[in-house]
Amino acid sequence: MLSFKNLLRRKVRSFLTILGIAVGVAGVVVLSAFGEGMAEGFGGLGGAADADLLVTQKDAAMILLGAIDEQVGAEIAAMRGVAAVSGTVIGVVPLPESPYFLVAGEEPRSFAMERYRIIAGRPLSARREVMLGRKSAESLKKRVGDKFRINDISYHVVGIYETGASFEDNGAVIHLTDAQRAFDKRRQVSYFKLKLRDLSEREAVKQAIETRWPELAATRSGEATAQDQLLDVYRSIGWVIGLFAILVGGLGMMNAQLMSVFERTREIGVLRAMGWRRRRVVRMILGEALLLALVGGGIGLLLSVATIALLSRSAALGGFLSGGVEPIGYIQALVIASVLGLVGGGYPAWRAARLAPVEAMRAESGAPVRWGPIARLLAPLMRGPALRNLLRRPTRSIMTMFGLGVGVGLIVALAGIAAGSRELIGQLLSAGQADIVAEQAGASDAAFSSIDERLAEQIRAHPEVKSVSRLIFGTASVPGLPFFIIYGLDPREDYLAHYRVTEGRTVQRSGEMIIGRLAANSLEKGVGDQLRLSGQSFTIVGIFETGMAYEDAGGVVPLKDAQRLFGKPRQVSFLGIALHDPTRAAEIARELEQRYPELMVARTADLSSRMQDFATMDAFFGALIALMMLVGGIVMMNVMLMSVFERTQEIGVLRAVGWRGWRVLRMVLAEALMLGLLSAGAGLIIGVGLNALLRFTPGYGSWLEAIYTPADIARVIAMALGLGLVGGLLPALRAVRLHPIEALHYE
């Protein structure tokens, strides 16, 4: 009860502290819901719950990237114990409303159609027909009888279905043959579902399939697959990023509790003189912090429920949310909030307990300038009135700077990785002296790009084109490297010269491979060793070094082998085009794009800015910056309000001696902006340090190449200054409104 009364003494401070915790907790829950939703969505694709066995391409990083010859299904159907086989094609297409729209291709007469419970219209029965998931129909405002376009082909909406799986209910289903054409998988499927005559024969059928087709994997519902490592990454991403938000809010709470102890020094001294033991003082302060954390956590959970419900209705984001969070997720968020309360109140409680009664009772109200060792150390560097004012409470200033710096540091780290990825993609695609690069127009992701390789011959005939290199880009999972990048190249084309072989020789024929130095070290492989990918064995004939982590953590195989591995017969991912006159690159790119509308053609320096992968990444960063601005702005506002509260008498004196309101306003805003600028410096150090640590992460660290561009640094500084402006404006206005007489009478 006493803790509750103490919090009501500073209603604004308590409200802002609770709000900061609430936004942090909501950020954790919502971001973890995205991570879990992505994992459940990808993991649920081809879920074997409605089948006895699921047959997929072995070692495929994701099930939707798999490609299996359709004839294999007919052979499996003839095996002993198999009652029925159903093949499915899964693909992703960009829509104006959603960059990642899932489309499944099913045979209308197969048992797999039973999965789609029709709630309006009828099931699929013929080509050029489409069934829409309930959520996608709602978000896209489509009904039975409407037209729906997929890859510029019009389909007739014949039914609305529901499966209960978020990805599927936010997607669509078309005829298997239509899907094979739409995703360039003629006579191929992504996976097979099997019904068995007798479940007791399941293990025997499983072994028979994997023995006959070593490149395939047969699994039951719930069994581990090659994509499980990737799904675990998705699950952890939301929690890791969300925890940064709650950490910023938690440090803000610790700051608020410290200020509570500072301003109640005399009161605590009186309590100690009256016989309160140290543990009782500790219990009081911790009780206040815990109460703040629990109230903030509860409000954060309510806020997260409302946010998830709102975002679930979005066509672009609905598929990445499973419709909510598991109860364990809410419990974990409340536990985090409680721990945050204990940690955030721990140091202030310890400081309060250490106060000697006599010294505490002598403490004056207001904000006396008592420079400790930290302040004296920083004093020579702190020039100007704004910096000197920050030294009045060096602990508070440093804690605020560090707290905001954590949020800024996360932005710095992610921006560095994004810029590094852009640079590496540019270097990767410009290898082989390519001046312009072609990707499939409208591809949702580089992994889904598919170009008919016959276009390479047509482009070679262009009088301005010097050479064309074909490139297949894909990933596989091998023990020791969860993301093993495979590049398929024609040994006769220019691009292969980019891979500088330092040991052995380059590839010359089918079945050979060269691998990067990072991959060789991780896999403990050398020249002459064998490496199996998707059931196919390759002989390592050389080890290369390019200096780019993306490449040095992967391998190169002949183009035909890569087409077979990734199920892309006569298809490639990119075309690298070298010109006779590189200065005309932009002009030739526009000309080729007009001539071949199925391609997106751009200079290598411009391609990443037009790729959907990076557009999605930019949108994610925008949302993350908004979250950090909100949490950081609340923390900054709380700190500056506390500064104004404790300097009320001082401001009254300044107004009494002639300071005008605008001068007081400028003083408070200058302190807030300076604190924001110092936070930016701390954030840059934290972000660079975080990326340096991530480089040592086994399996993933070798991928991370962070680059810090002047534009990103300017954006970080602008964000930090924005934090200072947003957080300092209300306290500054409050300071201006103080009447000199009332301020001088303030206790």
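About the thresholds
- Counting from 1, residues in each chain are numbered in the order their sequence is written.
- With pLDDT at 70 or above as the cut-off, local features in this predicted model cover only qualifying residues; side-chain atom pairs require 80 or more to be listed or tallied, and sums for whole chains, interfaces and linings still use all residues.
- Just so you know, side-chain values use all the structure's heavy atoms and leave hydrogens and water out.
- For the purposes of this entry, the term helix denotes a DSSP run of H or I that reaches at least four residues, the term strand denotes a run of E that reaches at least two, and both are numbered from the N terminus.
- Each residue's exposure class comes from its accessible area (1.4 Å probe, protein chains only) as a fraction of the maximum for that residue type: buried when under 20%, exposed when over 50%, partly exposed otherwise.
- Whether two residues are in contact is decided by their heavy atoms, any of which lying within 4.5 Å being enough.
- Using a 1.4 Å probe, the Shrake-Rupley method yields the accessible areas, and only the shown protein chains count as cover for residues.
- Note on aromatic contacts: the rings of Phe and Tyr and the six-membered ring of Trp form a pair at centre separations within 6.5 Å, being stacked when their planes are under 30 degrees apart, edge-to-face when over 60 apart, and tilted otherwise.
- Whether a charge sits over a ring depends on NZ of Lys or CZ of Arg being within 6 Å of the ring centre and within 35 degrees of the ring normal.
- A strand pair is defined by DSSP finding two or more bridges across the two strands.
- In plain words, nonpolar cores are sets of buried Ala, Val, Leu, Ile, Met, Phe, Trp, Tyr and Cys residues tied together by side-chain atoms within 4.5 Å.
- One speaks of a salt bridge when a side-chain nitrogen belonging to Lys or Arg is within 4 Å of a carboxyl oxygen belonging to Asp or Glu.
- Excluding any residue in a salt bridge, patches collect residues exceeding 30% relative accessible area, merging like charges within 9 Å and nonpolar Val, Leu, Ile, Met, Phe, Trp and Tyr side chains within 5 Å.
- The positive count covers Lys and Arg only, the negative count covers Asp and Glu only, and His and the chain ends enter neither.
- The atom standing in for a charge is NZ when the residue is Lys, CZ when it is Arg, CG when it is Asp and CD when it is Glu.
- Here, axes are lines fitted to C-alpha atoms. For helices the fit covers the stretch in contact, and angles between N-to-C directions go from 0 to 180 degrees.
- Our angle categories are set so that under 35 degrees counts as roughly parallel, over 145 as roughly antiparallel, 65 to 115 as roughly perpendicular, and the remainder as oblique.
- Here a crossing is called left-handed whenever its near helix is offset anticlockwise from the far helix by less than a right angle, and right-handed whenever the offset is clockwise.
- Three categories are distinguished: nonpolar for Ala, Val, Leu, Ile, Met, Phe, Trp, Tyr, Cys and Pro, charged for Asp, Glu, Lys and Arg, and polar for the others, with Gly belonging to the last.
- The reported arc concerns the directions from the helix axis to the C-beta atoms and nothing else.
- Whenever a nitrogen or oxygen atom comes within 3.5 Å of another N or O atom, the pair is scored as a polar contact, on the condition that within protein one atom can donate a hydrogen and the other can accept it, and that pairs from neighbouring residues in sequence are kept only if both atoms are in side chains.
- Confidence of the predictor at the level of single residues is captured by pLDDT, which takes values from 0 to 100.

## Looking at the overall build of the chain
Right, so step 1: In terms of helices and strands, the chain carries 26 helices and 24 strands.
Right, so step 2: Expressed as a percentage of the 747 residues in the chain, the buried residues total 54%.
Right, so step 3: Put simply, of all contacts in the chain between residues at least 6 apart along the chain, 79% involve residues at least 24 apart.
Right, so step 4: For the chain, the exposed surface amounts to about 32,100 Å²; the carbon and sulfur share of it is 59%.

## Quick notes on the packing of aromatic side chains
Right, so step 1: The tally for this structure, following the rule as stated, stands at 6 aromatic pairs.
Right, so step 2: Seen from their ring centres, F101 and F148 are 5.7 Å apart, and the 50 degrees between their planes marks the pair as tilted. You can see F101 sitting in strand β4 (residues 101–106) and its partner F148 sitting in strand β7 (residues 147–150), a full 47 residues away along the chain.
Right, so step 3: Using a relative accessible area of 2% as the deciding quantity, one classes F101 as buried.
Right, so step 4: Ring geometry for Y487 versus Y499: centroids 6.0 Å apart, planes at 40 degrees, classification tilted. Remark: Y499 occurs in the loop between β16 (481–489) and β17 (501–504) and Y487 occurs in strand β16; sequence separation between them is 12 residues.
Right, so step 5: Positioned above the aromatic ring of W659, the side-chain terminus of R663 is 4.0 Å from the ring centre.

## Some details on the pairing of strand β8 (residues 153–162)
Right, so step 1: Most of β8 is tucked away, with 7 of its 10 residues classed as buried.
Right, so step 2: Pairing of strand β5 (residues 117–121) with β8 involves 4 bridges; the strand directions are antiparallel. For I118, the partnering residue across the bridge sits in β8 and is Y161.
Right, so step 3: Bridging between strand β6 (residues 129–133) and β8 involves 5 bridges; their strand directions are parallel. Bridging across to β8, V130 finds its partner in V157.
Right, so step 4: In terms of strand pairing, β7 meets β8 through 4 bridges, oriented antiparallel. Counted as the bridge partner of F148 is Y155 from β8.
Right, so step 5: Hairpin connection, β7 to β8: the antiparallel pair is bridged by 2 residues, and N151 has positive phi, about 55 degrees.

## Here's the deal with the nonpolar core
Right, so step 1: In this structure, I436, I459, F484, L533, L575 and I577 are the most contacted members of the largest nonpolar core, which totals 39 residues.
Right, so step 2: Ranked by the residues each element gives to this core, the list is headed by strand β15 (residues 465–478), at 5 residues.
Right, so step 3: Discounting residues that sit within four places of it in the chain, I577 has contacts with A434, D435, I436, I459, V465, S467, V468 and L592.
Right, so step 4: I76, L95, A137 and V189 belong to the second largest nonpolar core, which has 36 residues in total.

## Digging into the pattern of salt bridges
Right, so step 1: Enumeration over the complete set of coordinates arrives at 26 salt bridges.
Right, so step 2: Residues R460 and E457 are paired through a salt bridge, measuring 2.5 Å at the closest nitrogen-oxygen approach. Of the two residues, R460 and E457 both sit in helix α16 (residues 454–460), 3 residues apart, roughly one turn of that helix.
Right, so step 3: Among the residues examined, R460 registers a relative accessible area of 27% and is labelled partly exposed.

## Details of unusual backbone geometry
Working note: non-glycine residues mostly have negative phi, and peptide bonds are mostly trans.
Right, so step 1: Phi is positive for K141, which is not a glycine, with a value near 55 degrees.
Right, so step 2: Tracing the chain through its elements places K141 in the loop between α4 (134–140) and β7.
Right, so step 3: At E524, a position not held by glycine, the phi torsion is positive, near 55 degrees.
Right, so step 4: Position of E524 relative to the elements: it lies in the loop between α17 (517–523) and β19 (530–533).

## Examining a positive patch on the surface
Right, so step 1: Together, R277, R279, R280 and R283 make up a positively charged patch on the protein surface.
Right, so step 2: Summarising the element assignment, R280 is placed in helix α10 (residues 278–311).

## Some details on the pairing of strand β23 (residues 574–579)
Right, so step 1: By the criterion of burial, β23 is predominantly enclosed, with 6 of the 6 residues buried.
Right, so step 2: Going residue by residue along β23, you find F574, G576 and A578 tucked away on one face and L575, I577 and L579 tucked away on the opposite face as well.
Right, so step 3: When strand β13 (residues 436–440) meets β23, the two strands line up antiparallel, connected through 4 bridges. Residue A438 lies in a different strand from β23, and its bridge partner there is L575.
Right, so step 4: In this sheet, β23 lies alongside β15 in antiparallel orientation, the contact comprising 6 bridges. Looking at β23, one finds that V465 is bridged to L579.

## Let's talk about the environment of A172
Right, so step 1: Assignment of secondary structure puts A172 in strand β9 (residues 172–175).
Right, so step 2: A relative accessible area of 2% means that A172 is categorised as buried.
Right, so step 3: For the pair A172 and A137, spaced 35 residues apart in the sequence, the C-alpha separation amounts to 9.0 Å.
Right, so step 4: Filtering out sequence-adjacent residues up to four positions away, A172 remains in contact with F101, L102, V103, A104, V130, M131, L132 and Y161.

## Regarding the packing of helix α24 (residues 661–694) against helix α25 (residues 710–737)
Right, so step 1: Direction vectors running N to C along α24 and α25 enclose 150 degrees, while the axes themselves pass 7 Å from each other. Of the possible angle classes, the one that applies to α24 and α25 is roughly antiparallel. For the pair α24 and α25, the sense of crossing is right-handed.
Right, so step 2: Split by residue class, the contact of α24 with α25 holds 21 nonpolar, 4 polar and no charged.

## A short note on helix α3 (residues 70–77)
Right, so step 1: Of all the residues in α3, the buried ones are V72, G73 and I76. Along α3, the residues classed as buried sweep out an arc of 105 degrees about the axis, all on the same side.
Right, so step 2: Where the residues of α3 are buried, they touch β1 (53–57), β2 (68–69), β3 (82–93), β11 (191–196), α7 (202–212) and β12 (216–219).
Right, so step 3: Here α3 starts with a cap whose side-chain oxygen sits 2.9 Å from the backbone nitrogen of Q71, and that cap is D69.

## Points about the side chain of S469
Right, so step 1: Relative to the helices and strands, S469 is located in strand β15.
Right, so step 2: Exposure remark for S469: the relative accessible area of 3% places this residue in the buried category.
Right, so step 3: A distance of 3.3 Å separates a polar atom in the side chain of S469 from the backbone nitrogen of Y495.
Right, so step 4: When residues no more than four places from it in sequence are discounted, the contact partners of S469 are E493, D494, Y495, F574, L575 and G576.

## Looking at the environment of E288
Right, so step 1: Looking at the element boundaries, E288 is found in helix α10.
Right, so step 2: A sequence separation of 54 residues divides E288 from L342, and the C-alpha atoms of the two residues are 9.7 Å apart.

## So, the confidence of the model for the chain
Right, so step 1: Scored by pLDDT, the chain comes out at a mean of 78, with 77% of its residues at no less than 70.
Right, so step 2: Below a pLDDT of 50 lies the segment residues 364–372, which in the model reaches 13 contacts outside its immediate sequence neighbourhood of four places, other chains included.

## Considering the environment of V408
Right, so step 1: Here V408 shows up in helix α15 (residues 394–430).
Right, so step 2: A relative accessible area of 1% places V408 in the buried class.
Right, so step 3: The residues touching V408, leaving out its near neighbours within four places in the chain, are S679, A680, G683, V716 and M719.

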